[in-house]
Amino acid sequence: MLRTALSPKWLGLLALVVAVMVGFGLLGRWQFDVAQEKGLAEATGAAAAKAMAPLTEVIRPGAAFPSDGLDRKVRAEGEYVASQQVLITGRKLGDQVGYWVVTPLRVAGSHGPGEEPAAIAILRGFVTAPEAAPAPPAGRVVVTGTLAQSEPSPDQFRPMPPGQVQTLNVPVLLNRWGGELYNGFVFLGGQEPAPEAAGPPDGLALVPPPESGVGQLNWRNLGYALQWFFFAAFALYMWWRMVREDAHARALAATPEPAVPDPAVPDPVAPQSEGEPSR
């Protein structure tokens, strides 16, 4: 079969099949990109369509993060705890590297242990230097923003300067802050009274939440993409099948046919029947 496959006829057809496979693969890749773009657009639209709701109606203190809570626009009223503000290291905003400023907000109307209400971590903004992080406003504030899940714990813990942590991980913050926390955090979008405006080069700048639906796909276009990949594999299979059939036909043609004995010519070695006189 290998000799047949390496013949000029089948090598030429293989080159054509490979060209067709490349074309099908490019079409499949294009449909996969379309599936990602449509999935992102659909998820973004769905997130934008969700009405803003009080934080206390979307998630409960200490409970698991709700399945429909990601990217939910929420509103909370309470007071910041300035003494517990932390900086999350190694963050980027545009082409700048710096720190996230995270402050717990004691949410009015939540039910924590004892007399203190539960707290939610508020990502208030980004600074390029630790000393540029402003203190939160004192007194009652109303914040609005986008709810997000707790980040995972760091792969490897390392000693950090006072007031700094590696990730915005709720269990890590719980060990620092105590009390009861919501299992998530909020990307600050608005606040009354208004937060300090960003000012070059080290002012507090709001951090936009990540795009909704990253990694989600539109199933119809994903199906189209898989079809093109299947067509590419099928083209190669058909070439292999035709080569196999051609090799089998050549093998049959090269095999000599067995000789057919002539019934008119006696077999010299055939045994004589009983009673037949010898000559």
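That block above? That's the structure.
Let us look at the structure shown here.

## Points about the nonpolar core
A general tendency of soluble globular proteins is for nonpolar side chains to be buried together. Counting residues in hydrophobic clusters, the biggest one holds 19 residues, and the most contacted among them are Leu55, Leu105, Ile120, Ile122, Val143 and Leu147. Only α3 (55-58), β2 (73-80), β4 (96-107), β5 (119-127), β6 (140-148) and β8 (181-192) provide two or more residues apiece to this core. Leucine 147 has contacts with Leu55, Val58, Ile59, Phe65, Gly69, Leu70, Asp71, Arg72, Val74, Phe185 and Val186, leaving out every residue within four places of it along the chain.

## Some points on the packing of aromatic side chains
Under the counting rule described, the total for this entry stands at 9 aromatic pairs. A network of ring pairs unites the aromatic residues Phe24, Trp228, Phe230, Phe231, Phe234, Tyr237 and Trp240 as a single cluster. A cation over an aromatic ring shows up here: arginine 91 above the ring of tryptophan 100, its NZ or CZ 4.3 Å from the ring centre. Cation over ring: arginine 124 sits above tyrosine 80, and NZ or CZ is 5.6 Å from the ring centre.

## Quick word on the side chain of glutamine 164
Within the element layout of this structure, glutamine 164 appears in strand β7 (residues 164-165). When near neighbours in sequence (up to four residues on either side) are disregarded, glutamine 164 contacts Leu87, Thr89, Tyr99, Pro130 and Arg176.

Thresholds applied
Residues numbered from 1 in each chain as written. Predicted model: local features only at pLDDT ≥ 70, side-chain atom pairs only at ≥ 80, totals over all residues. Heavy atoms only, no water. Core = buried A, V, L, I, M, F, W, Y, C linked by side-chain atoms within 4.5 Å. Buried < 20%, exposed > 50% of the residue type's maximum accessible area, 1.4 Å probe, protein only. Helix = DSSP H or I, 4+ residues; strand = E, 2+ residues; numbered from the N terminus. Contact = heavy atoms within 4.5 Å. Phe/Tyr/Trp six-rings, centres within 6.5 Å; stacked < 30°, edge-to-face > 60°. Lys NZ or Arg CZ within 6 Å of the ring centre and 35° of its normal.

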